[in-house]
Amino acid sequence: MLRPRIIPVLLVRDNGLVKTKQFRDFKYVGDPLNAVRIFNEKLVDEIIVLDIDASANGKTPNFELIKKIASECRMPLCYGGGIKNLEDAKKIISLGVEKIAMSSSIIRDYKLINYLSDALGSQSIVGVLDVKRNIFGKYNAYISNGKEKIKNKLDDVVIEFIKNGIGEIVVNNIDNDGMLCGYDIQLIKKIKKFCNVPMTIIGGAGSLQDMRQVWNLCGLMGCGAGSLFVFKGKYSAILINYPNLDDKLQLLNGIKF
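No experiment lies behind these values; they were computed from the predicted model shown.

Participant: Would you mind showing me how to read the overall build of the chain here?
Facilitator: In terms of helices and strands, the chain carries 10 helices and 14 strands. Based on the C-alpha atoms only, the size of the chain along its principal axes is roughly 45 × 40 × 40 Å. Counting all 257 residues of the chain, 56% fall into the buried class. Look at the contacts in the chain between residues 6 or more apart in sequence, and 68% of them connect residues 24 or more apart. Summed over all atoms, the accessible surface of the chain reaches about 12,000 Å², with 50% contributed by carbon and sulfur.

Participant: What is the right way to look at the side chain of Asn173 in this model?
Facilitator: Summarising the element assignment, Asn173 is placed in strand 10 (residues 168-173). In this structure the side chain of Asn173 is engaged in a polar contact, spanning 2.9 Å, whose partner is the backbone nitrogen of Asp175. At 3.1 Å, the side chain of Asn173 and the side chain of Asp184 are in polar contact. Those residues in contact with Asn173 that sit more than four places away from it in its chain are Val131, Asp184, Leu187, Ile202 and Gly203.

Participant: Please clarify how the side chain of Ser103 should be interpreted in this entry.
Facilitator: Mapped onto the fold, Ser103 is located in the loop between strand 6 (99-102) and helix 4 (104-108). Judged by relative accessible area, Ser103 falls into the buried class, the value being 14%. For Ser103, the side chain forms a polar contact with the main-chain oxygen of Val128, separated by 3.1 Å. In contact with Ser103, other than residues within four places in its own chain, are Val128, Tyr142 and Ile143.

Participant: Looking at this model, I keep getting lost on helix 5 (residues 111-120). Mind explaining?
Facilitator: For the α-helix, the turn length of 3.6 residues means that residues three or four positions removed from each other point alike. Of the positions making up helix 5, those classed as buried are Leu112, Ile113, Leu116, Ser117 and Leu120. Taken down its axis, helix 5 places every buried residue within 130° of arc, on the same side. Summarising the geometry of helix 5, the exposed residues directed more than 90 degrees from the buried face are Lys111 and Asp118. Packing partners of the buried residues in helix 5 comprise helix 3 (86-94), strand 6, helix 4, strand 7 (125-133) and helix 6 (154-163).

Participant: Just checking my understanding: could you explain the packing of aromatic side chains for this structure?
Facilitator: The geometry of an aromatic ring pair is captured by two quantities: the separation of the ring centres and the angle between the planes. Evaluation of the coordinates by the stated rule reveals two aromatic pairs. For the ring pair Tyr110 and Phe161, a centre distance of 6.3 Å and an interplane angle of 75° mean the geometry is edge-to-face. Residue Tyr110 is located in the loop between helix 4 and helix 5, and its partner Phe161 is located in helix 6; the two are separated by 51 residues in the primary sequence. Among the residues examined, Tyr110 registers a relative accessible area of 13% and is labelled buried. On the basis of relative accessible area, Phe161 is assigned to the buried category, the value being 0%. Measuring from ring centre to ring centre gives 5.3 Å for Phe229 and Tyr242, while their planes differ by 55°; the resulting arrangement is tilted. Of this pair, Phe229 sits in helix 9 (residues 227-230) while Tyr242 is found in the loop between strand 14 (237-238) and helix 10 (245-252), placing the two residues 13 residues apart along the sequence. We note that Phe229, like Tyr242, is buried. Against the face of Phe26 rests Arg13, its NZ or CZ located 3.7 Å from the ring centre.

Cut-offs used in this document
- Along each chain, the written sequence defines residue order, and numbers are assigned to residues from 1.
- For this predicted model, a pLDDT threshold of at least 70 governs which residues receive local features, and a threshold of 80 or more governs which side-chain atom pairs are given and counted, while totals over whole chains, interfaces and linings are taken from all residues.
- Calculation of side-chain values draws on the structure's entire complement of heavy atoms; hydrogens and water are dropped beforehand.
- Secondary structure elements follow DSSP: runs of H or I no shorter than four residues count as helices, runs of E no shorter than two count as strands, and numbering proceeds from the N terminus.
- The cut-offs for exposure are 20% and 50% of the maximum accessible area for each residue type, with area from a 1.4 Å probe on protein chains only; residues under the lower value are buried, those over the upper are exposed, and the others partly exposed.
- Contact criterion: two residues are considered in contact whenever any of their non-hydrogen atoms come within 4.5 Å of each other.
- Only the protein chains shown count as covering a residue, and every accessible area follows the Shrake-Rupley method with a 1.4 Å probe.
- Counting of polar contacts relies on pairs of N or O atoms within 3.5 Å, with two restrictions inside protein: one atom must be capable of donating a hydrogen and the other of accepting it, and residues adjacent in sequence are counted only when both atoms are side-chain atoms.
- This arc describes the spread of directions from the helix axis toward the C-beta atoms.
- By convention, a stacked pair of Phe, Tyr or Trp rings (six-membered ring in the case of Trp) has centres within 6.5 Å and planes under 30 degrees apart, an edge-to-face pair has planes over 60 apart, and any other such pair is tilted.
- Note on geometry: a ring has a charge over it if NZ (lysine) or CZ (arginine) is within 6 Å of the ring centre and within 35 degrees of the ring normal.

The structure is reproduced here in structure tokens:
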């Protein structure tokens, strides 16, 4: 049975852990392996690791780093970045990664989703939608770390993902990335209309109450966060954190699913 998931999202660039604001202003915040070790101790639900430069710069996945992360990780691990074909995906899964996250490659060729799902199981294939709102309030999907706008309507991209056998969809709001301003509820509701697979929202979490709002207003899904679990206090001191069991129970108290 699906349940609400609280998911740390780690961004990797040049083998280091970074944080961004609206996909810009890269700030180095430490060693990703050390962050994974700390999250192990905090018993997180699962973790997403994204190499934010790989696809944008045409790089292949850093298999050595993936191997190190997977060997340290004691929770379900989703990895994305630079995955272009079945061979890349198979190798990453063989290293101990449960799910692979893809964006650019599968949006350029939706049939690749079907190919990967047949070979690895749809539960292992995660489609990432990086979304930004234009000046007219319309949502557009982007690839290549937010550098290239997709011509297809966002609704059509979601429909193609599902039609071709995607196992899960991660929606990342570029405007809210790193801003600690709360999730985009309107965007979540828009995508949920077409989404009949597990969904995770990323972008904007500034408190655990932002997650509670999502579950109250939009129903069951994963809530991912980066800055919330990396920074602490008004001066944004670097401190890996995650809610303990009591905090989780209090957060979920009274929410109906």
